[in-house]
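One letter stands for each residue in the lines below.
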Amino acid sequence: MGGPIENLYDFVRSAGPAPELKGRIDELAITPTTAVVPIDMEKDAAGACCNDCLSLIKLDGRWRAVSKWFHQLNC
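(A) Local environment of the pattern of salt bridges. Summed over all chains, the structure comprises 5 salt bridges. Close ionic contact of Lys 43 with Glu 20 constitutes a salt bridge, the shortest N to O distance being 3.6 Å. Taken together, the positions of Lys 43 in the loop between strand E3 (34-42) and strand E4 (49-59) and Glu 20 in the loop between helix H1 (5-15) and strand E1 (22-24) put the pair 23 residues apart, joining distant regions of the chain. Between Asp 26 and Arg 24 there is a salt bridge whose closest N-O contact spans 2.8 Å. Taking the relative accessible area as the measure of exposure, Asp 26 reaches 52% and is therefore exposed. Given the relative accessible area of 44%, Arg 24 is considered partly exposed.

Now the structure itself:
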């Protein structure tokens, strides 16, 4: 999966909730205005396990996601 953020939004809408989702943040790289957040997840809405990584920026006092990339694993 790749492309515009709408692809992620469409997946979330179609897959629905993930009642068994487990997530863990092992390491956080942060400055006053930027952050990189790696997240390990088990059993997402599609039943998959993933390593996600979010890039964040702080604008006007609020954190906003700039990008998200992931690697899907076999659970």
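(B) Inspection of the pairing of E4 at higher detail. Here E3 pairs with E4 via 8 bridges, running antiparallel. Residue pairing for E4: Pro 38 is matched across the bridge by Cys 53. From the end of E3 to the start of E4, which pair antiparallel, there are 6 residues, and Lys 43 there has a positive phi angle of about 55 degrees. The sheet contact formed by E4 and strand E5 (residues 62-73) spans 11 bridges and is antiparallel. Residue pairing for E5: Ile 57 is matched across the bridge by Arg 64. Counting the residues in the hairpin turn of E4 and E5 gives 2 residues, including Asp 60, whose phi is positive at 55 degrees.

(C) Structural detail: a nonpolar patch on the surface. Taken together, the side chains of Ile 25, Leu 28, Ile 30 and Trp 63 make up a nonpolar region of the molecular surface, amounting to roughly 410 Å² of accessible area. Locating Ile 30 in the fold gives a position in strand E2 (residues 29-30). For Ile 30, a relative accessible area of 53% corresponds to the exposed category.

(D) How the structure looks around the environment of Ala 18. Its place among the elements puts Ala 18 in the loop between H1 and E1. Note on Ala 18: relative accessible area 25%, which makes it partly exposed. C-alpha of Ala 18 to C-alpha of Lys 68: the two residues are 50 residues apart in sequence and 19 Å apart in space. With near-sequence residues (within four places) excluded, Ala 18 lies in contact with Lys 43, Asp 44 and Ala 45.

(E) Region of the structure containing unusual backbone geometry. Despite not being glycine, Lys 43 shows a phi value in the positive range, around 55 degrees. The backbone of Asp 60 sits at a positive phi, close to 55 degrees, despite the residue not being glycine. Relative to the helices and strands, Asp 60 is located in the loop between E4 and E5. Look at Asp 60 and you get exposed, because its relative accessible area is 79%.

Conventions used here
- Residues numbered from 1 in each chain as written.
- Predicted model: local features only at pLDDT ≥ 70, side-chain atom pairs only at ≥ 80, totals over all residues.
- Heavy atoms only, no water.
- Salt bridge = Lys/Arg side-chain N within 4 Å of Asp/Glu carboxyl O.
- Helix = DSSP H or I, 4+ residues; strand = E, 2+ residues; numbered from the N terminus.
- Buried < 20%, exposed > 50% of the residue type's maximum accessible area, 1.4 Å probe, protein only.
- Pairing = 2+ DSSP bridges.
- Patch = residues over 30% accessible without salt bridge, like charges linked within 9 Å, V, L, I, M, F, W, Y side chains within 5 Å.
- Areas by Shrake-Rupley, 256 points an atom, 1.4 Å probe, with all protein chains shown as cover.
- Contact = heavy atoms within 4.5 Å.

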